[in-house]
Structures are given as structure tokens and as C-alpha cells.
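# Architecture and fold: a report
Listed below, chain by chain, are the residues.
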Amino acid sequence: MSKFLLHNQTSERLLFRKLKASDFDDWLPFYRNPKSTQYWEGLPKDPVEACKAQFDRVFERYENNLGGMNGLISKESGELVGICGLLVQTVDNITELEIGYSVLPKYWRQGFAFEAAQNCKEFAFENDFADSLISIIHVDNVPSQKVAQKNGMHLDKTTTYKNNPVHIFRVNQG
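Now for a description of the structure that goes with this document. What you see is a predicted model, and the numbers here were worked out from it, not measured in a lab. (Residues numbered from 1 in each chain as written. Predicted model: local features only at pLDDT ≥ 70, side-chain atom pairs only at ≥ 80, totals over all residues. Heavy atoms only, no water.)

## Digging into the pattern of salt bridges
For the coordinates displayed, the defined rule picks out 7 salt bridges. Between Lys 52 and Asp 56 there is a salt bridge, with its nearest N and O atoms 3.1 Å apart. Residue Lys 52 and its partner Asp 56 are both found in helix α2 (residues 47-63); the two are separated by 4 residues, about one turn of the helix. Note on Lys 52: relative accessible area 41%, which makes it partly exposed. The partly exposed category is assigned to Asp 56, whose relative accessible area is 40%. Put simply, Asp 156 and Arg 170 hold a salt bridge, and the shortest N to O gap is 3.2 Å. Residue Asp 156 is found in strand β6 (residues 154-161), and its partner Arg 170 is found in strand β7 (residues 164-172); the two are separated by 14 residues along the sequence. For Asp 156, a relative accessible area of 35% gives the class partly exposed. Under the relative-accessibility criterion, Arg 170 is labelled buried at 11%. When salt bridges that share partners are traced, they join Glu 96, Asp 156 and Arg 170 into one network. (Salt bridge = Lys/Arg side-chain N within 4 Å of Asp/Glu carboxyl O. Helix = DSSP H or I, 4+ residues; strand = E, 2+ residues; numbered from the N terminus. Buried < 20%, exposed > 50% of the residue type's maximum accessible area, 1.4 Å probe, protein only.)

Structure, rendered in C-alpha cells:
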């Protein structure tokens, strides 16, 4: 198992665990809502294909020790709320650790993305995985940028990542 996974970690309302193939149908509503991916170019248009592509990447990361998304399970309901994790990413030829997060539309604006992202930040710094962490966020995705800022991140630079204009938000340890 990748050292970057938060498997069995908890936050106030969430349990972190490895994503499972059986989570596919629970995550599919993310891709069925056009607002979830409205900023990101290059994803498959078919929701099932987009979800399959993401799950393939998640499991590939697990196998290759490149971090990965954790399933975020509500302690209260036991339902999948979103996914969040520490991801090894290469941006502008620099390999860094990213905090990535996505939440199912029915759980938007309830603080789950921030809660999960903050937990990832604390886990990474407590384990000395990196001196700083980034989040790669499309320049038009203001809600995600607000999560990053609330998590103590600042705008570090603007660049292109996977043919998308992105802001790189950063937080330094300490």
C-alpha cells in the first residue's frame, strides 16, 4: 500500500479508506453532474467512461506507489461523500505532492472538501513527506480555490497542466 494513503485515518466527520471497485456506482453521480467537470478539458464526455478512467488512474497509483485518492466515508451515514488524497504529480518538470479533492454534488458546500484536504495536509507534514504541498486547480474553479486558501495555501504560480490553464496553490510546512 502506498505510504501516501490515509487508509483508516479519520477527521471529525469522515473516515478515509482506499477506494474500491464497488464504489464506482456511488461515485458515478459526480460525472453525471456537468458542473463537477465543467472546468476541465480532455475528460471523456460519457460519464461512465470518465468515471472508469478515473478509477483506472486511482488503482494504477495504488499499484505504483504514487499516492492516491481515498474514499471519504461519512461517519454518520456510512455513505461515500467524496474522494481526497495525496498524489505524486509532475508539473513543469517538477515532481511534487498534491492534495487532490472532489466531493459528490449532493455534499457540496458542507465543508467536506476542506475537512478532507486539511487532514491530508496534516498527515503529509506529520509524516515529513514533503516540505511543501500543492493543489492543481483550474483557473476558473473558484470553489476549489477557496478550499485551497482555507487550507492555508497561497497562489504560487499559473501554468498549463494536461492542456488546462491552472493555478498552483502551495502550502509550506511549519
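That covers the picture; the talk isn't over yet.
## Re the packing of helix α1 (residues 24-32) against α2
Two quantities define a packed helix pair, namely the angle between the axes and the distance from one axis to the other. At a minimum axis separation of 9 Å, α1 and α2 run at an interaxial angle of 120°. With respect to α2, the element α1 is oriented oblique. The hand of the α1/α2 crossing is right-handed. Touching Phe 24, Trp 27, Leu 28, Tyr 31 and Arg 32 of α1 are Pro 47, Val 48, Ala 50, Cys 51, Lys 52, Gln 54 and Phe 55, all from α2. Split into classes, the residues belonging to the contact of α1 with α2 amount to 9 nonpolar, 1 polar and 2 charged. (Axes fitted to C-alpha atoms, helices over the stretch in contact; angles between N-to-C directions. Parallel < 35°, antiparallel > 145°, perpendicular 65-115°, else oblique. Left-handed = near helix turned anticlockwise from the far one by under 90°. Contact = heavy atoms within 4.5 Å. Nonpolar A, V, L, I, M, F, W, Y, C, P; charged D, E, K, R; others polar.)

Geometry only, nothing functional implied.
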